[in-house]
Amino acid sequence: MEAERNFDKKLLSVNEVCEYLGLGATKVREMLNSPTSTFTVRVGRRVMANRTLLDEYIDKAAKFQLQI
């Protein structure tokens, strides 16, 4: 049985966001590359998500029924 992944990290990679949210890589990259994204962090050429800000974004989207 595979151990559950630890999401205590502050920054999540594209693959980690996919696993964390249960979304595909295409949708996650679309979200991260959106000019309106408030949770995207660029580290060199890598695109990552700030987990705390991502959680806030998801909560806000659910509360106001925004399209992700």
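When you look at the overall build of the protein chain in this model, what are you seeing that I'm missing?
Helix and strand counts for the protein chain stand at 3 helices and 3 strands. Each of the 68 residues in the protein chain was classed as buried or not, and the buried ones make up 26%. With an accessible surface of roughly 5200 Å², the protein chain has 50% of that area assigned to carbon and sulfur atoms.

Could you clarify how one ought to interpret the pairing of strand S2 (residues 40-43) in this entry?
Looking along a regular strand, one sees side chains alternate from face to face of the sheet. Bridge count for S2 against strand S3 (residues 46-50) is 4 bridges, and the pairing is antiparallel. Across the sheet, the residue bridging to Arg-42 is Val-47, located in S3. Linkage of S2 to S3, two consecutive antiparallel strands, is achieved through a turn of 2 residues, within which Gly-44 is found at a positive phi near 65°.

So what exactly am I meant to see when it comes to helix H2 (residues 25-33) here?
One turn of an α-helix holds 3.6 residues; hence residues three or four places apart share an orientation. Residues of H2 that are buried include every one of Val-28, Met-31 and Leu-32, and no others. Buried residues of H2, seen end-on, are gathered within an arc of 95° and therefore sit on one face of the element. Buried-residue contacts for H2 involve helix H1 (14-21), S2, S3 and helix H3 (51-64).

Help me understand the environment of Thr-38, please; the structure alone is not making it clear to me.
Summarising the element assignment, Thr-38 is placed in the loop between H2 and S2. What makes Thr-38 exposed here is its relative accessible area of 52%. For Thr-38 and Tyr-57, which are 19 residues apart along the polypeptide, the C-alpha to C-alpha distance reads 7.6 Å. Apart from residues lying up to four places away in sequence, Thr-38 is in contact with Leu-53 and Tyr-57.

Rules and cut-offs
- Residues numbered from 1 in each chain as written.
- Predicted model: local features only at pLDDT ≥ 70, side-chain atom pairs only at ≥ 80, totals over all residues.
- Heavy atoms only, no water.
- Helix = DSSP H or I, 4+ residues; strand = E, 2+ residues; numbered from the N terminus.
- Buried < 20%, exposed > 50% of the residue type's maximum accessible area, 1.4 Å probe, protein only.
- Areas by Shrake-Rupley, 256 points an atom, 1.4 Å probe, with all protein chains shown as cover.
- Pairing = 2+ DSSP bridges.
- Arc of directions from axis to C-beta.
- Contact = heavy atoms within 4.5 Å.

These figures capture arrangement, not role.
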